[in-house]
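Analysis of the macromolecular model
These are the residues of each chain, in order.
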Amino acid sequence: MRQSIVVFMALCVASSLLAQTTEEPKAPPPAAPPAAPPAPPAPPPPVEPVFPETVPKITAGYQEKGAQLVRARNYVDFTYQSYRLQCDMLTYNVQTQEIDAEGNVILQDGKQRLAGEKLHFNIRLKRGVMFDASGTASPDLHFVADEAEKYDDRKYKATHGAFTSCTQPNPRWQISASKADLELDDHVTLKGATFKVKSVPVFFLPYMRYPIRDDDRATGFLLPNYGHSAVKGTIFGEAFFWAINRSQDATIAYRSFSDLGRGLEGEYRYIFSSSSIGTANLFYMFEKAGTTDKPEGGNTQRKAENVKGYFFNLQHRQLLPFGITNQTDVTILTSYAFKTIYGSNFQNLSDPRKFSSAYFSKPIFYDTINFQLRRDELLRGSVRHEETYYVKKKPRKRIWFTEDSDITNRFPDISVTHNQQKLGASPLLLSGSASFLGYETYHQATNTSEQTTIKTPVTNFTRLNWDPAISVPITAIPWMTFNPTAIFSGAYWTDSYALGTTKPGGGSLLRNTFVSRVQIYGPNFNRIFSTPNWNFSRKWKHSIEPFFQFDYNTKFENATRVLSGAGDHIGAGGTQLLTYSLTNTLWGKRTLIAGYEPTPVDIVRWTLLQRYQPNATYVDPDTKKHVRFGDLNSQLSFKLAPYVDFSFTTNYDFNWMRFVDYQYRGTVAKTDSFNAGIGWTIQKNRKTGENVNNALSASGGFNIKRIGFHLDGYLAYSPMFKENKIQNATLRWSQTFQCWGFELMYQRYKFYSAQENSITFAIHIGSIGTISERIGGSRF
């Protein structure tokens, strides 16, 4: 009964409410219902979270906002300042600004990207930990780690991580480490690092640090290097790179040679300004001691089996105040044997010369002033010595050399050159030069075992030269030019050979001679013709250009007293010399670069040149004839395409009526594709016609950019020698992949009776560095 009354009262209340909201204008208003109880108060509105001044923006499939926490899931996208976070589930604490994210987590901060499965991060402190993390440490370096902790704005710590620049699912190489510290755009430090190739461990380093800066310059140790040589044995070393500042850096390397000892190598590079640049190289070899077994027992220390010494080279270029340019080249070498044993470049180590110089130049209007200090050394002979000794009863060899060389010092060497300039309104042109030279030469004997040198003075003098010249070019005829020149040539020496001897001490010597010269260019003959249907060249020009020059020098009676090395260009004088040549050139107007106008190219050029001396005084001792005609020199060159050149040179001896030498040169090259060159030189004995030199050199290489392949080689061969016909052979293969590459080089040469066969293997690891036996291309 009580339930029926309650239901009835509820229906009454509902009917009363409906009556108040329903409009019926035709029906009379109903009677007022009884008073109802007061309605309950409305619930308070939800409390919105109080965000910090910079409000994060959160979008997701579902969000739940509370007073302290914000929860979101399904495609969560959270942005705050420079951060952007994407994940499956997110919890954000408004007060502490801490984030807990799970599922496909990606955290981006500018260019840096970190991904993982779980993240705890404080956006106010900019610190946090990513679990099962992966990311980028530089534009091309990627890493994975069990945990990656960001503890500073630019610093990370990784636990059980691996680094690589390969983007493949199974990278070609990687470096794994138990712990790693990473500073963005600076360096990575690894502890317990293992280098792997296709998951195969190659080497282990307890500590490793390498740069990840955009300019690839950061102080630290480089990767260890390895090589093998028949002379030096197994080569192993380590290098340290020092990035001093933006314009200076240095590399210091330790080298270990299993057969020769150990050494230090350094390279310093600097660019103080666009006009001040230089490089310094140093290689120092320590002495390696061995023991010799005594017949009565016991051991005694012996000297090293290697050649102890050092090599230093400085190359400096600078623009000084007042427009003075400076070029300084300094080479200091303990002995040539040292260079030949430790050098890696055959062209350098086979060169018997070395020099050091400091050169200064200053142009002033039509004049140029030059100042030079120079030291030249020329190797005359070298003898190799060997001695057998024993190390733990095993025979070893000690090697040393005795060398003879000639030293020449030029200090000072000052010259002034005056370029042609008109004398007022006259047609005369004035030119000339003057020089002052301090000259010293002596003989030097060196023993590389005892590190001793003996110097024997030979010549010491000072020389002054002057050569003013006046010429009158006559160009009235378009196809011919006359250029008569008068030269007053003088020289003064502070010493000379004593009369009738070849010994210095003859006192000062003065020479004043007159030189007259006439040059005739022409008559020139030209013809232009067209081949409109030939794509090779549609327009041609053929030119014939003869040249004549006649020189007459007055006689110098004391020419035999001029000291050896004084460099007098007049000689005995009293000579008449006629020089004549004829040049034939066929020009073709060709389009060398697509889209550009055709340019003239000398397709074929042939030049014949000879000298004739009417009053020659030299008589050949075999033919008993005066040698008036010089060799007829012939030079023929072809340029069949922009990348094809060929030349042929020969000399014909009119005295013995035979060709005395031939030289062939040919090159085929296309930029970044291929190149090939060959050279062949044959020299004959003028009297017998037998070959005295027969040398062949060849070089070539080609690139396949698409697969990163490069192969090149060089060969120097002489069939004149019965043994070791190959003087130098080099073959290099380099391969570049997406994230790494390698270079394999084989070199063979023979010098000073030492046969060198070396194999050098270098690995280039993307973003990490290079494992190579050389630094900076030095090693003289």
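Refer to the structure above for everything that follows.
Here is a short report on the structure shown in this document. (Residues numbered from 1 in each chain as written. Predicted model: local features only at pLDDT ≥ 70, side-chain atom pairs only at ≥ 80, totals over all residues. Heavy atoms only, no water.)

What follows deals with the overall build of the protein. In terms of regular secondary structure, the protein is built from three helices and 43 strands. In the protein, buried positions account for 35% of the 780 residues. Restricting to contacts in the protein with at least 6 residues of sequence separation, those with at least 24 account for 45%. For the protein, the computed accessible surface area is about 45000 Å², with 58% contributed by carbon and sulfur atoms. (Helix = DSSP H or I, 4+ residues; strand = E, 2+ residues; numbered from the N terminus. Buried < 20%, exposed > 50% of the residue type's maximum accessible area, 1.4 Å probe, protein only. Contact = heavy atoms within 4.5 Å. Areas by Shrake-Rupley, 256 points an atom, 1.4 Å probe, with all protein chains shown as cover.)

On to the pairing of strand β33 (residues 599–612), then. Pairing analysis gives 13 bridges linking strand β32 (residues 576–590) to β33, with the strands arranged antiparallel. Bridge pairing links K589 to P600 in β33. (Pairing = 2+ DSSP bridges.)

Its place among the elements puts T279 in strand β18 (residues 276–285). Judged by relative accessible area, which is 26%, T279 ranks as partly exposed. Sequence spacing of T279 and Q315 is 36 residues, and the spatial spacing of their C-alpha atoms is 5.4 Å. Beyond its immediate chain neighbours, meaning those up to four positions away, T279 contacts E267, Y268, R269, Y270, N313, L314 and Q315.

The full count for this structure, using the stated rule, is 26 aromatic pairs. Measuring from ring centre to ring centre gives 5.0 Å for Y521 and F547, while their planes differ by 45 degrees; the resulting arrangement is tilted. Of this pair, Y521 sits in strand β29 (residues 509–521) while F547 sits in strand β31 (residues 539–553); the two residues are 26 residues apart in sequence, bridging distant segments of the chain. Exposure remark for Y521: the relative accessible area of 37% places this residue in the partly exposed category. Judged by its relative accessible area of 18%, F547 is buried. With centroids separated by 6.0 Å and ring planes inclined at 35 degrees, the aromatic side chains of F629 and F654 adopt a geometry described as tilted. Taken together, the residues span a long stretch of sequence, with F629 in the loop between β33 and β34 (632–641) and F654 in the loop between β35 (644–653) and β36 (658–670) at a distance of 25 residues. The exposure class of F654 is partly exposed, given its relative accessible area of 34%. Taken together, the ring pairs in this structure connect Y612, F629, Y652, F654, F659 and Y662 into an aromatic cluster. (Phe/Tyr/Trp six-rings, centres within 6.5 Å; stacked < 30°, edge-to-face > 60°.)

This part is about the environment of F629. By relative accessible area, which is 40% here, F629 ends up partly exposed. Leaving out residues up to four positions away in the same chain, F629 has contacts with Y580, Q610, R611, Y612 and F654.

If you walk through the whole model with that rule in mind, you get 17 salt bridges. Between D249 and R269 there is a salt bridge, with the nearest N and O atoms lying 2.6 Å from each other. One end of the pair, D249, is in strand β16 (residues 248–257); the other, R269, is in strand β17 (residues 261–273), with 20 residues separating them in the sequence. Overall, D249 belongs to the buried group, its relative accessible area being 12%. A relative accessible area of 22% places R269 in the partly exposed class. As a salt-bridge pair, R269 and E267 come within 2.3 Å of each other at their nearest N and O atoms. (Salt bridge = Lys/Arg side-chain N within 4 Å of Asp/Glu carboxyl O.)

The next thing to look at is the side chain of T328. Secondary-structure assignment places T328 in strand β22 (residues 324–333). With a relative accessible area of 13%, T328 lands in the buried category. Setting aside residues up to four positions removed in sequence, T328 forms contacts with L314, Q315, H316, R317, S357 and A358.

Time to look at the nonpolar core. Side chains of a nonpolar character, in soluble globular proteins, are inclined to be buried together. Within the largest apolar cluster, 47 residues are counted, with the highest numbers of intra-cluster contacts made by F78, L85, L90, F163 and L190. Leaving out residues up to four positions away in the same chain, L90 has contacts with I58, V70, R71, A72, V76, F78, L85, I99, D100 and A101. I235, F283, A337 and F338 belong to the second-largest nonpolar core, a separate cluster that totals 13 residues. (Core = buried A, V, L, I, M, F, W, Y, C linked by side-chain atoms within 4.5 Å.)

So, on to the side chain of T513. As for its placement among the helices and strands, T513 is situated in strand β29. Within the structure, T513 has its side chain in polar contact with the side chain of R511 (distance 2.8 Å). The contact partners of T513, leaving out residues within four places of it in the chain, are I487, F488, S489, T554, K555, F556 and I570. (Polar contact = N/O pair within 3.5 Å; in protein donor to acceptor, adjacent residues only side chain to side chain.)

Let's shift gears to unusual backbone geometry. Glycine aside, the phi torsion of most residues is negative, and most peptide linkages are trans. Residue P412 follows F411 across a cis peptide bond; omega there is -10 degrees. For P412, the location among the structural elements is in strand β25 (residues 394–422). A cis geometry characterises the amide bond from G522 onward to P523, with omega recorded as 0 degrees. If you check the backbone angles, N74 has positive phi at about 70 degrees while not being a glycine.

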